[in-house]
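Listed below are the residues making up each chain.
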Amino acid sequence: QQKRRVGLSYLQKAAQQLLKNKQLNRELRFILELAELLHHWGDLETALKLTMAALAIEPANAAALNNHALYLSRLNRFKEAFDFASKACGLSPTIPAYQNMLAIIEAQLNRLPEAKQRFQRVIALSNDQQQTSRAWQALVDVLDKLQEYDQAFAACLQAKACYRQLPEMQHHDGMQVLTAIQTNQQGFDASLLN
C-alpha cells in the first residue's frame, strides 16, 4: 500500500515487544526474521539490538553471528563485524554465505590476500550458484586492488557468466537500465529539479 513508514513503525513495535519479552529463548527464529525485515527496511540499529538479543540467548548461533556482522558492515563498522563473521565461519565453515561475508569484511579491512583466498575457496567448493556468483563479483574488486588486473578482468567475465545463469536472471530485461534512464529523463525535467 506504499505506507512504508507505517509498516516500519509496526516492525519496530514488534521488536520492542520481543526485547521486553521474558520468554525470548523460545522466539529465536522470530527474532532473527524480524531483524532481517528491519534490515531490509533500513532500521539497522534495531536489527542489531535484535541480533544481540539472539546472541545473548544462543552465543554460538552462526546465523545470528553472520547477520550481526552483516548489519555492522552496512554501518561501515567493519572492525566490529570481523569478530562476529569470524565466529560464524568457525562454527559453520562450509556455508558459503558466511565465508563470503567474512571475505567482504576482510577486503574492507584491507586484508586483501585473505579475502582473495577466501573468495577463491567459495568459488572452488560451493554448490550455491548465488554465493558463487557473489564471490566472483567481489573477487573482481579485490584483484583490482591487488593490481592483478588481468585476473580481475577474467574474474569479471566469470562473474557476468555466473550471474546470467542465476534463475532470477533468466527473465531479466537487458534493456531495463536504459529504459529506466529514459523514463527518468522524461519524468525529472528541469522544472521539477529546480
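Check the entry above for the structure.
This is a predicted model, so every value here is computed, not measured.

How each quantity is defined
- Residues numbered from 1 in each chain as written.
- Predicted model: local features only at pLDDT ≥ 70, side-chain atom pairs only at ≥ 80, totals over all residues.
- Heavy atoms only, no water.
- Core = buried A, V, L, I, M, F, W, Y, C linked by side-chain atoms within 4.5 Å.
- Buried < 20%, exposed > 50% of the residue type's maximum accessible area, 1.4 Å probe, protein only.
- Helix = DSSP H or I, 4+ residues; strand = E, 2+ residues; numbered from the N terminus.
- Contact = heavy atoms within 4.5 Å.

Caption draft 1: Quick peek at the nonpolar core. Of all hydrophobic cores here, the largest spans 34 residues; its most connected members are L34, L38, L50, A69, Y71 and I105. Secondary structure elements with two or more residues in this core: helix 1 (4-20), helix 2 (28-40), helix 3 (44-57), helix 4 (62-74), helix 5 (78-91) and helix 6 (96-108). When sequence neighbours within four positions are dropped, the list of residues in contact with A69 reads A81, F84, A85, M101 and I105. Counting 17 residues, the second largest nonpolar core, distinct from the first, contains L112, A152, A155 and C162.

Caption draft 2: Examining unusual backbone geometry more closely. Positive phi, normally seen in glycine, also occurs at Q2, with a value near 60°. Mapped onto the fold, Q2 is located in the segment before helix 1. Phi at Q147 takes a positive value of approximately 60°, unusual for a residue other than glycine. Relative to the helices and strands, Q147 is located in the loop between helix 8 (129-145) and helix 9 (149-165). A residue is classified by how much of its surface remains accessible, and Q147, at 58% relative accessible area, is exposed.

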